[in-house]
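Here's the letter readout for the chains.
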Amino acid sequence: MTKANNFQRIRELNYLQKAVLASALIERMLPNYGLFSEATGFGDETLLRNSLNVCWEKILLPKSKIDLEKQVEKIEPNVPELADFDMFGTYPAIDAATSLLSLMHGLMAQDEQEFISVSKISQATVARFIEYQMTVEGEVADNTAVREHPLMQYEIEVLGELIDFVENMGRITSDSVKALKKFALEDGQTNIGLTL
């Protein structure tokens, strides 16, 4: 029997498992925003970092009086506009910020679809990065080339490992979340292979 594809497996996770998986993926995407912010002087990575920490907290303490609406208001002006920047790094920065907003909207509305979109956005970031690299190198970036690219294979593998981890977490506690965060960042790189 072949292993169900990652997205199918994500759909089968429970609400909290989907939420922690999405948060772990954003941990891998957030440094892309930091690099963009450093290069352009736009946006505030610390703000996004704090908002992600608040999301982790909300997942662990669902009854806490955390105002996610306020977090969303802080993040929205920090999402770069494509038209304002002439550099590839804008895309992964937008994707990181958008994923964080999806996570927050998902937590506010208890909408699991928002958590699933985070994994799709992460994979789309990787695909776009591969297409960009291949185009720069004068190669044809068709679907097959992108899918078979080592970076995409790695993204799919990491996602699979994160799903395994989440499936085996048992109760979601601050210790299991700490372990998941550590695991997500263990390879020391972002989802597009930039060193942390």
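Below or above, wherever it landed, is the structure these notes cover. Treat the numbers as computed from the prediction; the structure is a model and nothing was measured.

## Regarding the overall build of the protein chain
No. 1: Of regular secondary structure, the protein chain possesses 9 helices and 0 strands.
No. 2: Along the protein chain, helices (α) and strands (β) appear in the sequence α-α-α-α-α-α-α-α-α when read from the amino end.
No. 3: For a compact globule of 196 residues, the expected C-alpha radius of gyration is about 16 Å, and the protein chain comes in at 16 Å, within 12% of that figure.
No. 4: Seen through its C-alpha atoms, the protein chain measures out along the principal axes to roughly 50 × 50 × 25 Å.
No. 5: Across the 196 residues in the protein chain, those meeting the buried criterion constitute 46%.
No. 6: Within the structure as shown, the protein chain displays about 9900 Å² of accessible surface, and the carbon and sulfur contribution to it stands at 51%.
No. 7: The averaged location of the 30 negative side-chain charges in the protein chain is 10 Å from the averaged location of its 18 positive side-chain charges.

## Focus on helix α9 (residues 174–184)
No. 1: For α9, every residue scored as buried is listed here: Ser176, Val177, Leu180 and Ala184. Angularly, the buried residues of α9 cover 100° about the axis, an arc narrow enough to put them on a single face. Residues of α9 that are exposed and angled more than 90 degrees away from the buried face: Asp175, Lys178 and Lys182.
No. 2: The inward-facing, buried residues of α9 contact α2 (15–40), α3 (45–60) and α8 (150–167).

## Some points on the side chain of Glu27
No. 1: Mapped onto the elements, Glu27 comes out in helix α2.
No. 2: Residue Glu27 is classed as buried on the basis of its relative accessible area, which comes to 3%.
No. 3: For Glu27, the side chain forms a polar contact with the side chain of Trp56, separated by 2.8 Å.
No. 4: With residues up to four places along the chain from it excluded, the contact list for Glu27 reads Arg49, Leu52, Trp56, Lys181 and Leu185.

## Some remarks on the packing of helix α5 (residues 90–109) against helix α6 (residues 112–136)
No. 1: One way to put it is that α5 packs onto α6 with a least axis distance of 8 Å and a crossing angle of 175°. Regarding the angle of α5 to α6, the classification is roughly antiparallel. Facing α5, whose interface residues are Tyr91, Pro92, Asp95, Thr98, Ser99, Ser102, Leu103, His105, Gly106 and Leu107, α6 presents Glu114, Phe115, Val118, Ile121, Thr125 and Arg128.
No. 2: Partitioned by chemical class, the residues of the contact of α5 with α6 number 7 nonpolar, 6 polar and 3 charged.

## Some remarks on the pattern of salt bridges
No. 1: Using the criterion set out here, one finds 7 salt bridges in the structure.
No. 2: With a closest N to O distance of 2.8 Å, Arg49 and Glu27 form a salt bridge. Of the two residues, Arg49 is situated in helix α3 and Glu27 in helix α2; the sequence distance between them amounts to 22 residues.
No. 3: The exposure class assigned to Arg49 is partly exposed, which follows from its relative accessible area of 26%.
No. 4: For Lys70, the salt bridge identified is with Asp67, shortest N-O distance 3.9 Å.
No. 5: On the basis of relative accessibility, which here comes to 48%, the residue Lys70 falls in the partly exposed class.
No. 6: Several salt bridges converge on common partners, so that one network encompasses Arg9, Asp164 and Glu167.

Rules behind the numbers
- Residues numbered from 1 in each chain as written.
- Predicted model: local features only at pLDDT ≥ 70, side-chain atom pairs only at ≥ 80, totals over all residues.
- Heavy atoms only, no water.
- Helix = DSSP H or I, 4+ residues; strand = E, 2+ residues; numbered from the N terminus.
- Rg over C-alpha atoms; globule rule 2.2 N^0.38 Å.
- Buried < 20%, exposed > 50% of the residue type's maximum accessible area, 1.4 Å probe, protein only.
- Areas by Shrake-Rupley, 256 points an atom, 1.4 Å probe, with all protein chains shown as cover.
- Lys, Arg positive; Asp, Glu negative; His and termini not counted.
- Charge placed at Lys NZ, Arg CZ, Asp CG, Glu CD.
- Arc of directions from axis to C-beta.
- Contact = heavy atoms within 4.5 Å.
- Polar contact = N/O pair within 3.5 Å; in protein donor to acceptor, adjacent residues only side chain to side chain.
- Axes fitted to C-alpha atoms, helices over the stretch in contact; angles between N-to-C directions.
- Parallel < 35°, antiparallel > 145°, perpendicular 65-115°, else oblique.
- Nonpolar A, V, L, I, M, F, W, Y, C, P; charged D, E, K, R; others polar.
- Salt bridge = Lys/Arg side-chain N within 4 Å of Asp/Glu carboxyl O.

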